[in-house]
Amino acid sequence: MAVPIIFAVATSVQSGGPDDVPFGRYIQTSGLAIPLVLLLFGSIWLYPLITALVAGDIIASEDHNGTLKTILTRSLERGQIWRGKVLAAGSYAIVAILLSGVVAIVAGCIVSGFNPLTTLSGTRVSASTALGLVAASLGFYLIPILSIACIGLLLSAVTRNSAAAIVGTLLFSLLLQLIAILPGLSGLEPYLLSSQFDAWQGLLRTPADWGPIIRSVWVCALYAVPALAGSYFVFQRRDVAGG
Amino acid sequence: MGSEPEPGGAPIEVRGLVKRYGELTAVDGVDLTVDAGDVYGYLGPNGAGKTTSLRMMLGLIHPTEGTVRLFGRDPAHSVKALDGVAGFVEAPRFYPYLSGRRNLELLADFDGGEAASRIPAALETVELTDRAKDRVGAYSHGMGQRLGIAAALLREPRLLVLDEPATGLDPAGMRDMRRLIRRLADAGMTVLLSSHLMNEVEELCNRVAIVSSGSIVYEGAIADLNRNASQTYHLRTTDDDLALEICRREPGIADVRVEGTDVRFSADEEAVAGLSGALVEGGVLIRALAPQTVSLEDLFFSLTEGSPPAAEPASVPAPVGSS
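Note that the structure is predicted; figures quoted are calculated from it, not measured.

Asks: Could you give an account of the overall build of chain B, naming the residues involved and the relevant values?
Replies: Per the secondary structure count, chain B includes 10 helices and 13 strands. Taking as baseline every contact in chain B between residues at least 6 positions apart, the subset at least 24 positions apart corresponds to 67%. As displayed, chain B offers around 14,700 Å² of accessible surface, 50% of which is attributable to carbon and sulfur atoms.

Here is the structure:
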């Protein structure tokens, strides 16, 4: 939450903007560019990190505290506890991103005004249309983020160690990005989870490019569903000792 | 939560329980039956597989072989087997940054039903009402153990499974813990209590299983255990050399050895009476002849290494499956 505020304040005291990123040029003219620039900056590392921090920790920390055995000997089935963990990790990620988006919108509009925005294709859209686009961008960005949460949950259940699960989740994302730049493997790029982090940018073209967004839905599901199933299986089956 | 029919079966029925971790066999063919109303001592040294057994009984880990039934239901299959069952394995664990009461509230949510309404009474029973507002992180070890019991009581258990509840407590804490368990047992709860302390089990339990290296080496009523295990005596006389000779000659006197200034041997009471006569007749006067308090270690030696008369284990379980 602090990040968008700092970002907006920095914008207001500087005369220019980061010209080298899309929308960077426009942050002085429209507050609605600010959440988009923030999303551009945060999409690869910041938000996946925030998501992994909770998803990777959520089962492993109970292991570490020894409280997993405490709650497993009450009246809830393991499946119910697992579901609770999934919902908590997912809703945390959703709230974190939406909250940071809302704060960025508000802070941006205070600093630079609720003005029309120039899209990636160079067309100007009205402020209210731009607001809708920003909201939709945040929404579609949640798709890869929830996949990251699923991977974090899997690692949290498997490694039983918060740090390993958090770092592992980010490392997984980094490794995918490395694969994308390997010669000969670049054909895989559209199917890597890390490539879905900027799928939302398709919305900000005129006309909107739905291709990457639709692809991100099924590509992300391809990562999320096995990870989620794996974490369920591991959590159901595993021995809870120690603590 | 409708009232379901009372499930059949003893509070705990364990058959052929085995847990292997790779090469290591932590629990090796344990058979155990705890009947309603028992205060059952599960006695063994550290590393004997007590905690691993209890984990399987509470469904925290899956048996490699064998079965556990709690009131006839399998805890590895569904947590419903824990209806009417509560307890803890190793030290009870809570969220350290929350208060004792808040921890209990959370756990009551996990239990559902009326559990939350029992919090004040449970805190009262374990004498934590005054400290319920404090963070659990600031609790002493003894308070943590008591909170563990309070958390178990929220479930209104008919069977209480406690893993070394008095371990790590100071003498007063141990005494209080034993009184508390006694009180709960008197109120009709069946208790399975693991321990490595002989006197604790003697004081609280009516039945006992002694485990060593993952297997039960003795199972029976606590009263029989003391009778069966041959006692160790120490003897000091006016002529220790001669006394040693007489001891070695006397029937029923076993395991004669010199330790420090004392002669030590194992015998039952009858043989000791005979020995005292023989000593006097032999011209050796007794300065001291006293039974040594039976320590768990001695019992182990007599049960596992020696073959004391009449101490044949009441029911040595036949290992199920191959070993």
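Asks: Summarise a nonpolar patch on the surface; cite the residues concerned and give the values.
Replies: Together, A:Trp45, A:Val167, A:Leu171, A:Leu174, A:Leu175, A:Leu178 and A:Ile181 make up an exposed nonpolar region whose accessible area comes to about 650 Å². Examined against the element boundaries, A:Leu175 turns out to sit in helix 8 (residues 162-181).

Asks: Could you give an account of the packing of helix 3 (residues 46-55) of chain A against helix 6 (residues 78-112) of chain A, naming the residues involved and the relevant values?
Replies: All names here are of chain A. Look at helix 3 against helix 6: their axes get within 9 Å of each other, and the N-to-C directions meet at 150°. Taken together, the axis directions place helix 3 and helix 6 in an arrangement best described as roughly antiparallel. Of the two elements, helix 3 crosses helix 6, and the hand of that crossing is right-handed. Touching Tyr 47, Ile 50, Thr 51, Val 54 and Ala 55 of helix 3 are Ala 89, Tyr 92, Ala 93, Ala 96, Ile 97 and Ser 100, all from helix 6. The residue inventory of the contact of helix 3 with helix 6, partitioned by class, reads 9 nonpolar, 2 polar and no charged.

Asks: Explain the nonpolar core to me, using residue names and the numbers behind them.
Replies: The biggest cluster of nonpolar side chains holds 92 residues, and the ones touching the most others in it are B:Leu32, B:Tyr42, B:Leu147, B:Ile149, B:Val191 and B:Leu192. Sorting elements by how many residues they give to this core places helix 4 (residues 141-153) of chain B first, with 7 residues. Discounting chain neighbours no more than four positions away, the residues touching B:Val191 are B:Asp38, B:Val39, B:Tyr40, B:Leu160, B:Leu162, B:Ile181 and B:Ala185. A:Phe23, A:Tyr47, A:Val125 and A:Ala127 belong to the second largest nonpolar core, which has 46 residues in total.

Asks: Which residues make up helix 8 of chain A, and what values do they have?
Replies: Residue and element names in this part refer to chain A. A rise of 1.5 Å per residue sets the reference length of helix 8, with its 20 residues, at 28 Å; its end C-alpha atoms lie 29 Å apart and thus fit the reference within 8%. Taken together, the buried positions of helix 8 are occupied by Ser 162, Ala 165, Ile 166, Gly 168, Thr 169, Leu 170, Ser 173, Leu 176 and Ala 180. Looking at the buried side of helix 8, the elements it contacts are helix 3, helix 4 (60-65), helix 7 (127-159) and helix 9 (211-237). For helix 8, the side-chain oxygen to backbone nitrogen distance between the N-cap and Ala 163 is 3.0 Å, and the N-cap itself is Asn 161.

Asks: Describe in detail the state of the cysteines, supporting the description with residues and values.
Replies: Here, the word disulfide means a covalent bond between the sulfur atoms of two cysteines. Counted under the stated rule, the structure contains 0 disulfides over all chains. The thiol of A:Cys150 is not disulfide-bonded; the next cysteine sulfur, from A:Cys220, is found 9.7 Å away.

Asks: Which residues make up unusual backbone geometry, and what values do they have?
Replies: A cis geometry characterises the amide bond from A:Thr206 onward to A:Pro207, with omega recorded as -5°. Topologically, A:Pro207 is positioned in the loop between helix 8 and helix 9. A positive phi is found at B:Glu156, a non-glycine position, where the angle reads about 45°. Structurally, B:Glu156 is set in the loop between helix 4 and strand 6 (159-163).

Asks: Outline the packing of aromatic side chains, supporting the account with residue identities and numerical values.
Replies: Under the defined criterion, the tally for this structure stands at 8 aromatic pairs over all chains. Consider the rings of A:Tyr47 and A:Tyr141, whose centres lie 5.9 Å apart with planes at 65°: the pair is edge-to-face. Of this pair, A:Tyr47 sits in helix 3 while A:Tyr141 sits in helix 7, and the two are 94 residues apart along the sequence. Residue classification places A:Tyr141 among the buried positions, given a relative accessible area of 0%. Here the aromatic cluster, defined as three or more aromatic residues joined through ring pairs, consists of A:Tyr47, A:Tyr141 and A:Phe197. Over the ring of B:Phe71 we find B:Arg158, and its NZ or CZ is 4.1 Å from the ring centre.

Asks: For the sheet that holds strand 12 (residues 262-267) of chain B, give the residues involved together with the corresponding values.
Replies: Residue and element names in this part refer to chain B. Read across the sheet, 4 strands follow the order 11-12-10-13 without closing on themselves; strand pairing throughout is antiparallel. Each edge of the sheet is formed by a strand with only one pairing partner; in this case those strands are strand 11 (254-259) and strand 13 (286-291). The average undirected angle you get between the axes of adjacent strands in this sheet is 20°. With 4 bridges joining them, strand 11 and strand 12 adopt antiparallel strand pairing. By the bridge assignment, Ala 254 is partnered in strand 12 with Ser 266. Relative to strand 10 (residues 231-237), helix 8 (residues 240-249) is tilted by about 145°, and along the sheet it contacts strand 10, strand 11 and strand 12. Sheet contacts for helix 9 (residues 269-281): strand 10, strand 12 and strand 13; angle to strand 12, the most-contacted strand, approximately 140°.

Asks: Can you break down the environment of B:Asn46 residue by residue, with the values?
Replies: All names here are of chain B. Along the chain, Asn 46 turns up in the loop between strand 3 (39-43) and helix 1 (50-57). Setting aside its immediate chain neighbours within four residues, Asn 46 contacts Glu 164 and His 196. A polar side-chain atom of Asn 46 sits 3.5 Å from a polar atom in the side chain of His 196.

Asks: Before we move on, could you go through the interface of chain B and chain A and cite the residues and values that matter?
Replies: Frequently, the measure chosen for interface size is the accessible area removed from exposure when the parts meet. Listed as interface residues are 27 residues of chain B and, on the opposing side, 24 residues of chain A. Between chain B and chain A, a total of about 2,200 Å² is buried, with carbon and sulfur atoms accounting for 49% of that surface. When the buried surface of chain B facing chain A is broken down by residue, B:Leu60, B:Arg93 and B:Phe110 rank first, second and third, together holding 34% of it. Applying the counting criterion to the chain B and chain A interface returns 3 salt bridges. Inspection of the chain B/chain A interface yields 17 residue pairs in polar contact (both at pLDDT 80 or more). Secondary structure elements with two or more residues in the side of chain B that touches chain A: strand 1 (12-21), helix 2 (100-111) and helix 4 of chain B. Broken down by element, the side of chain B that touches chain A gets its largest block of residues, 3 residues, from helix 2 of chain B.

Criteria and cut-off values
Residues numbered from 1 in each chain as written. Chains lettered and ligands numbered in written order. Predicted model: local features only at pLDDT ≥ 70, side-chain atom pairs only at ≥ 80, totals over all residues. Heavy atoms only, no water. Helix = DSSP H or I, 4+ residues; strand = E, 2+ residues; numbered from the N terminus. Contact = heavy atoms within 4.5 Å. Areas by Shrake-Rupley, 256 points an atom, 1.4 Å probe, with all protein chains shown as cover. Patch = residues over 30% accessible without salt bridge, like charges linked within 9 Å, V, L, I, M, F, W, Y side chains within 5 Å. Salt bridge = Lys/Arg side-chain N within 4 Å of Asp/Glu carboxyl O. Axes fitted to C-alpha atoms, helices over the stretch in contact; angles between N-to-C directions. Parallel < 35°, antiparallel > 145°, perpendicular 65-115°, else oblique. Left-handed = near helix turned anticlockwise from the far one by under 90°. Nonpolar A, V, L, I, M, F, W, Y, C, P; charged D, E, K, R; others polar. Core = buried A, V, L, I, M, F, W, Y, C linked by side-chain atoms within 4.5 Å. Buried < 20%, exposed > 50% of the residue type's maximum accessible area, 1.4 Å probe, protein only. Expected span 1.5 Å × (residues − 1). Polar contact = N/O pair within 3.5 Å; in protein donor to acceptor, adjacent residues only side chain to side chain. Disulfide = S-S within 2.5 Å. Phe/Tyr/Trp six-rings, centres within 6.5 Å; stacked < 30°, edge-to-face > 60°. Lys NZ or Arg CZ within 6 Å of the ring centre and 35° of its normal. Pairing = 2+ DSSP bridges. Buried area = accessible area lost by both parts, 1.4 Å probe.

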